[in-house]
Amino acid sequence: AMRLILPLFVFGMLINQIQRSEASARRIRELLAQKPTRDENPHARVLQQAPQRIEFENVSFAYPGRERTITNVTFSMEPGQMIGVVGPTGAGKSTLVKLLLRYYQPDSGRILVDSSPMRAIDMESFRRQVGYVSQDAFLFFGSVAENIALGAPDSTRKAIERAAEIAGAHEFITALPQGYDTPVGERGLKLSGGQRQRISLARAVLRDPPILVLDEATSAVDTRTEALIQENLRAFRNRRMTLAVAHRLSTVRASDSILVLVDGVVVENGDHESLLAQNGAYANLWAVQSGEAVADDNTVS
Ligand code: ADP
C-alpha cells in the first residue's frame with residue numbers, strides 16, 4: 001500500500017500550495033458559520049486550571065453524510081510537548097484541530113482532558129485555555145497594537161512588543177508608517193499574508209494560553225523568518241502544549257512527536273530523526289522539501 005501512498009502523498013503536498021488559498025477561504029467560512037453548540041450537559045465541569053494531559057484515544061470521525069475523515073487516531077500531549085501533524089491536503093489535519101476545539105464530536109473513540117471525557121468539561125472553560133492561530137489571520141479595523149491585544153486588552157505596550165518580537169513581527173511593525181499605532185484590517189493598511197499571520201501569532205503569544213494550536217500559522221512566512229520564529233517559540237512552548245499542523249515539514253521539525261496523516265490515518269509517528277530513519281513517507285517528503293528550500297535560498301541570495 002505504501003507504494004501507492006508515497007507518490008500520492010508527495011504529489012498531494014505539492015498541490016497543497018495551489019489549493020491552499022481556496023481551502024483557507026473555505027475553512028474560515030466554516031469556522032465562522034459554526035455556532036459552537038452550547039453544552040447541553042448541565043453538570044459539565046468548569047476547567048479551573050491548565051490541563052496536564054490531553055489524549056486522543058482511537059478517535060474516528062465522519063462529517064455528517066460523508067465518508068470517514070479520521071480513523072483511529074491516537075496521541076497524547078502534555079505541557080512542554082509539541083505534537084506536529086503533517087499530511088497532504090484533505091488528509092484530515094484541520095479536522096483533528098476542529099475535534100480538539102470541539103466543533104465536532106468523535107463518532108467513536110474518546111478525547112480525554114486530564115482523564116475526563118471532553119464532553120464532561122464545560123466547553124467555554126476549555127476554549128479559554130486554548131490559543132488558536134489559523135493560516136487566515138483575522139484582523140479587525142484598529143491599530144496593530146489593538147489587534148495584538150485582542151485577547152488581552154489590558155496589556156502594556158511593552159508586553160505587546162515582546163509578544164510581537166517572539167512572533168517575528170516587531171521589525172516590520174516598527175517600519176510601518178505609525179509603528180504599532182498604524183491602522184490595519186478592514187479599511188486600514190494592507191498587510192501581506194505573512195505579516196497578518198505574525199500579528200495573529202503575536203496575539204496568541206500575548207494571551208499566554210496553556211494550549212497552543214497552530215494550524216498552518218506560519219504558512220505564508222518565508223522559510224528564513226519562520227526558522228527565526230521557531231527559535232523564538234522554543235522557550236515560549238516550554239510549559240504549554242503545542243499542536244502544530246503544517247504543510248512545511250520544517251515547521252514541525254522540533255516536535256516531540258510528528259503524526260503523518262494520510263486519508264485520516266496516522267501512517268507514521270515519531271520525532272524528526274526517527275521518521276527520517278524509517279525512510280518512509282516523511283523521509284521522502286523531507287528530501288523533496290529540503291531540495292526546494294535550497295533552491296529557494298539560491299534564488300534569494
Ligand atoms: P486537511 O486539513 O488535511 O487539508 P481537512 O481536515 O480540511 O484536511 O479535510 C479532510 C476531509 O474532510 C476532506 O476530504 C474535506 O473535503 C472534508 N471536509 C472538511 N471539512 C468538511 C465539512 N465541513 N463538511 C464535509 N466535509 C468536510
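Heads up: these notes are all about the structure in this document. (Residues numbered from 1 in each chain as written. Predicted model: local features only at pLDDT ≥ 70, side-chain atom pairs only at ≥ 80, totals over all residues. Heavy atoms only, no water.)

**Here's the deal with empty space enclosed by the protein**
Step number 1: For the structure on display, the rule yields three cavities of 30 Å³ or more.
Step number 2: The calculated volume of the largest cavity comes to roughly 60 Å³.
Step number 3: Lining the largest cavity are Met 82, Leu 214, Glu 216, Ala 217, Thr 218, Gln 230, Ala 244, Val 245, Ala 246 and Thr 251.
Step number 4: Partitioning the lining of the largest cavity into residue classes produces six nonpolar, three polar and one charged. (1 Å grid on protein atoms, 1.4 Å probe; cavity = no way out; pocket = protein on both sides within 12 Å on 5 of 7 lines; lining within 4 Å. Points joined across faces, edges and corners; volume = space filled by probe spheres on them. Nonpolar A, V, L, I, M, F, W, Y, C, P; charged D, E, K, R; others polar.)

**Structural notes on the sheet that holds strand 5 (residues 116-117)**
Step number 1: Judged by pairing direction, the sheet is antiparallel, and its four strands sit side by side in the order 2-1-4-5 without closing on themselves. Lying at the two open borders of the sheet, with one neighbouring strand each, are strand 2 (68-77) and strand 5.
Step number 2: For strand 4 (residues 108-113) and strand 5, the ladder comprises two bridges, and the chain directions are antiparallel. If you follow Val 113 over to strand 5, its bridge partner there is Ser 116. (Pairing = 2+ DSSP bridges. Helix = DSSP H or I, 4+ residues; strand = E, 2+ residues; numbered from the N terminus.)

**Digging into the sheet that holds strand 11 (residues 257-262)**
Step number 1: The six strands are arranged 6-9-10-3-11-12 in an open sheet whose pairing can be described as mixed. Looking at which strands have only one partner, the edges of the open sheet turn out to be strand 6 (130-133) and strand 12 (265-270). Along the sheet, successive strands turn relative to each other by an average axial angle of 15°, direction set aside.
Step number 2: With four bridges connecting them, strand 6 and strand 9 (residues 211-215) associate as parallel partners. (Axes fitted to C-alpha atoms, helices over the stretch in contact; angles between N-to-C directions.)

**Comments concerning the site of the ligand**
Step number 1: The environment of the ligand is formed by 16 residues, the closest being Gly 90, Gly 92, Lys 93, Ser 94 and Thr 95.
Step number 2: Between the ligand and Arg 66 there is a distance of 3.1 Å, counted from a nitrogen atom to a side-chain nitrogen or oxygen.
Step number 3: Within the backbone of Ala 91, an N or O atom sits 3.2 Å from an oxygen atom of the ligand.
Step number 4: Starting from 550 Å² of accessible surface for the ligand in isolation, the protein chains cover 79%.
Step number 5: Among the elements of the structure, helix 1 (2-33) and helix 2 (93-100) are those that each provide at least two residues to the shell around the ligand.
Step number 6: In terms of residue count, the dominant contributor to the shell around the ligand is helix 2 (four residues).
Step number 7: Residues belonging to the shell around the ligand are distributed by class as follows: four nonpolar, six polar and six charged. (Near = heavy atom within 4 Å. Polar contact = N/O pair within 3.5 Å; in protein donor to acceptor, adjacent residues only side chain to side chain. Areas by Shrake-Rupley, 256 points an atom, 1.4 Å probe, with all protein chains shown as cover.)

**Focus: unusual backbone geometry**
For residues that are not glycine, phi is negative in most cases, and the peptide bond is trans in most cases.
Step number 1: Look at Asn 72: it is not a glycine, yet its phi comes out positive at around 50°.
Step number 2: According to the relative accessible area criterion, Asn 72 is partly exposed, its value standing at 47%.
Step number 3: Unusually for a residue other than glycine, Arg 187 sits at a positive phi of about 70°.
Step number 4: Mapped onto the fold, Arg 187 is located in the loop between strand 8 (183-184) and helix 7 (193-207). (Buried < 20%, exposed > 50% of the residue type's maximum accessible area, 1.4 Å probe, protein only.)

**Comments concerning the packing of aromatic side chains**
Two descriptors summarise a pair of aromatic rings, namely the distance from one centre to the other and the angle between the planes of the rings.
Step number 1: Enumeration over the complete set of coordinates arrives at four aromatic pairs.
Step number 2: A centroid spacing of 4.9 Å and a plane angle of 80° characterise the contact between Phe 61 and Tyr 63, whose relative ring orientation is edge-to-face. We note that Phe 61, like Tyr 63, is buried.
Step number 3: On the numbers, 5.1 Å between centres and 90° between planes, the contact of Tyr 63 with Tyr 104 is edge-to-face. One end of the pair, Tyr 63, is in the loop between strand 1 (54-62) and strand 2; the other, Tyr 104, is in the loop between helix 2 and strand 4, and 41 residues separate them in sequence.
Step number 4: Cation over ring: Arg 127 sits above Tyr 103, and NZ or CZ is 4.6 Å from the ring centre. (Phe/Tyr/Trp six-rings, centres within 6.5 Å; stacked < 30°, edge-to-face > 60°. Lys NZ or Arg CZ within 6 Å of the ring centre and 35° of its normal.)

**Quick look at the environment of Val 252**
Step number 1: The topology assignment puts Val 252 in helix 9 (residues 249-252).
Step number 2: Spatially, the C-alpha atom of Val 252 lies 28 Å from that of Ser 116, the residues being 136 residues apart in sequence.
Step number 3: For Val 252, the contacting residues outside a window of four places in its chain are Met 82, Gly 84, Val 85, Val 86, Ala 244, Ala 246 and Ile 258. (Contact = heavy atoms within 4.5 Å.)

Geometric values such as these leave the question of function open.
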